[in-house]
Amino acid sequence: MTAAPSPATLIPDEVACADTLARLKAAREPRVVVVGNPNVGKTTLINALAGTNLKVGNWSGVTVEKREAHLNHEGRRVYLLDLPGAYSLSPHTPEELVTRTALLDEAPDVVLNVLDAGNLERNLYLTLQLMDYRLPVAVALNLVDEAREKGVQVDSRALSRLLGVPVVETIASRAQGTAGLLDSALGHATLGIGVRYPEAIELAVEALTARMVGVETLPPHAHRYLALTLLEGDPSVRGRLNATGHAALVQAADAQLGALAAQGLDPLIEIAEARYALAGDIARAAAPQAQARRTVTERLDALALHPWLGIPLFLALVLLVFRLTFTVAAPFVDLIGGPLQDTLTGWASAALAWFPLARDLVTGAIIPGVGTVLSFLPTLLVLYLAMSFLEDSGYMARAAFLMDRAMRSVGLDGRAFIPLILGFGCNVPAVYATRTLERRSDRLLVSMILPFMSCSARLPVYVVFAAALFPRQASLLVWAMYTLGMLVALAFAFVLRRTSYPAEGSGVLLELPPYRFPTARVLWKHAWRRTASFAKRARTTVLATVAGVWLLLAIPAVSGAQFATVAPQDSLFGRVSQAISPIFAPLGFGTWEATGALVPGFIAKEVVVGTLGQIYLGEQAARPTPLGLVDGIAQAGRATWDAVVSSVSAIPTILALPSLNADATQALNTPLATALSRAFTPASGLSYLVFVLLYTPCIATVGALAQEHGRRFAWTTVAYQLATAWIAAFLVYQIARAVL
Amino acid sequence: MPDVPLDAIAPGQTAHVVALDPAHPLRRRLMELGFVRGAPITVIRRAPLGDPVELRIGATLLALRAADLHLIRVRL
């Protein structure tokens, strides 16, 4: 073992933490915050610790995820707060700002710092920065298995001695070591060693902390950190102190900075170098002969980032995801949209036989409307599983690396690619994800083009139309829609960059995290959470909208007709739709049915399918064959089994990549698809899809845009999207009519 | 040996950080990731479209654009 860092570089653990520990022992519910670099397996560790107790919410004001849990640890309640991944506590991203703010304001009882054993030096930078807070720290040395494979063997006892805090080795993915972690954190956390900065810096820190003593709004645990951060010139801390009535402190820091500059010192460099020098010493002492072997990541990257294979591989992977989504989920979509829905309709109409209005609402609107939307849950679950796999495995960052140059040709960078790809899932979180972009002009630009990225709520519309009109090219059509959305988005980026939002400066940094095989549990959690939020929309927004549409369909707009028995085209809904429909005639779908579905589609795109189901199937669904309870269960059971069999047997065909044609037997065969194949021609169907793709995604996205950038910005986006959608659909219809 | 900008280093070569241009847009972040005086940096590869460039610093892999590499002075 090499020599331990000389004691001169350390602050001895002289500050009595007995006081803090006593408080901790007395606290009814000690509060533990979990901090670590991105990609250190923190989420997996938290899941292993908290299991089902974990609650996910958003930080008020910022859309950064907040995970918290109340645990029962040996008879006492413990509050666990998982902070977002951060490389440092000088905030560059909203995630880091949240972490920094939590440490400043919440004064947790214990800071649990998660380290990647295979990347000790960089991870220790954050650890040493954490120790500038005078808060008890405990370390989880995670990913020790992965480090070992790389040839890095960390001596956790030595590490504990060198840092002066307890260190527990963990392999979170196998829940190893996690049991002892809380014991260690709650029983033995200490303030640790901390960094001794060069003398001139320490004197300046001392001068500044002296001014903070006794100021109630500056809690003692934060004094040293605040002083150092002021000396580093961190603008967010300056801003915050100025805003909270500590302008004198900021001025004092400026005076200190001036004096240091006169000595030729740049505190930013001095502080970073001191931390890195100590981090390096500790890392070398705790993990001697850390001669890293050629890792799995490097071998995989030789392929994934290959000069001419990399990009085709990326495009093939995206296509594979859509193919997988379509093929594996299709039988379940048929099941929910067909037999299960029929059974439910049969039961509902029998149960509500004496309440004709309620029966019509349930069987004619709610079951076909909400049911059609819900029938896409399997599709979304598969899509989200695949996307989570790409994200959690580390491939998404490679995609940004591969695409950066291409993105730059339209004036964006590879990082903007991430919110855009997230937009494929849902535009709403993607709008918030633009906050990770540092420059305001980038955030505005990306927010403006984001709604063109085809979110998953649009997928049901494509799937139904593909089944109805293009059964043999279904997955190709879906892929083409996503691609078109992206091309339109990029074209707008190109134009907007040159007109409204010129680029400011440069500065692109992407971390390429090591590849990891995501644990099934974490994958499932991510995918399930996203699917569940879609399902929630189905029972709130969609339910309310289909009920509203039903009501409008039930109100007669001609004299002599009666409520609820009026023909759809004579209802209020029908008349209004007829009035608007001429606008869409040049696009090939000037029927009131098609137009009518677009209006509630403004609220949420999945409602388009629900409304189409209501309009085309409402009457038919109102005359179901009543089924007994036993018959119904038997029928549903048989159909479920059939779906499982055809889903599993479809898997091998996914890999037949060169043929883009989905097998005709896999195509959806729902009553709605049949109805649509009669109502639309291939050209008008295509034009309809293009319109659905490009016009305003949903009211929630408009809300997110308004919240982020103001109402005016949001409505401008709505207006220019409607115009774009109309023009593009018009072109597609005119071309398709000539070609098809 | 004279200092050169990091974008002058060929893939596969390792160089040591001399200084970051104070005007570097990522100066603070790069320091936190380990771009401090003397730190060894290996240039791994260029992206298929020529830019950005993948680097290894310590056990971290990251990518920067050539324009940003240009503001980092290194010595072989």
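Residues numbered from 1 in each chain as written. Chains lettered and ligands numbered in written order. Predicted model: local features only at pLDDT ≥ 70, side-chain atom pairs only at ≥ 80, totals over all residues. Heavy atoms only, no water.

### Topic: the overall build of chain A
Along its length, chain A carries 31 helices and eight strands. Counting every position in chain A, which comprises 740 residues, the buried fraction comes to 55%. Here the contacts in chain A between residues at least 6 apart in sequence split such that 77% fall between residues at least 24 apart. Here chain A displays about 29,600 Å² of accessible surface, and carbon together with sulfur accounts for 63% of that area. (Helix = DSSP H or I, 4+ residues; strand = E, 2+ residues; numbered from the N terminus. Buried < 20%, exposed > 50% of the residue type's maximum accessible area, 1.4 Å probe, protein only. Contact = heavy atoms within 4.5 Å. Areas by Shrake-Rupley, 256 points an atom, 1.4 Å probe, with all protein chains shown as cover.)

### Focus on the confidence of the model for chain A
Residue and element names in this part refer to chain A. In the predicted model, chain A carries a mean pLDDT of 83, and 89% of its residues have values of at least 70. Here residues 1–21 is modelled with pLDDT under 50, and outside its nearest four sequence neighbours on either side it reaches 34 contacts, counting other chains as well. Counted against residues more than four places away or in other chains, residues 657–667, with its pLDDT under 50, gives 21 contacts. (pLDDT = per-residue confidence, 0-100.)

### Quick notes on the pattern of salt bridges
For side chains of opposite charge, pairing can occur when their charged atoms come near one another. Going through the model one piece at a time under the given rule, you end up with 28 salt bridges over all chains. Ionic pairing is found between B:R65 and A:D404, a salt bridge with its closest N-O pair at 2.8 Å. Linking B:R65 in the loop between β5 (60–64) and α2 (66–69) with A:D404 in helix α17 (residues 395–409), this pair reaches from one chain into another. (Salt bridge = Lys/Arg side-chain N within 4 Å of Asp/Glu carboxyl O.)

### Concerning the UniProt feature "domain: Ferrous iron transporter FeoA-like" (unreviewed entry) in chain B
Residues annotated by UniProt as "domain: Ferrous iron transporter FeoA-like" (unreviewed entry) correspond here to residues 4–76 of chain B. A distance of 8 Å separates the end C-alpha atoms of residues 4–76 of chain B, which is 14% helix and 41% strand. (UniProt positions renumbered as here; feature names shortened; annotations may be inferred.)

### A short note on the sheet that holds β5(B)
Spatially, seven strands are ordered β8(A)-β5(B)-β4(B)-β3(B)-β2(B)-β6(B)-β1(B) in an open sheet, and the strand pairing comes out antiparallel. If you trace the sheet from one side to the other, it starts and ends with β8 (509–511) of chain A together with β1 (4–5) of chain B, each paired once. Pairing between strand β4 (residues 53–57) of chain B and β5(B): five bridges, direction antiparallel. Counterpart to B:I57 in the pairing with β5(B) is B:T60. (Pairing = 2+ DSSP bridges.)

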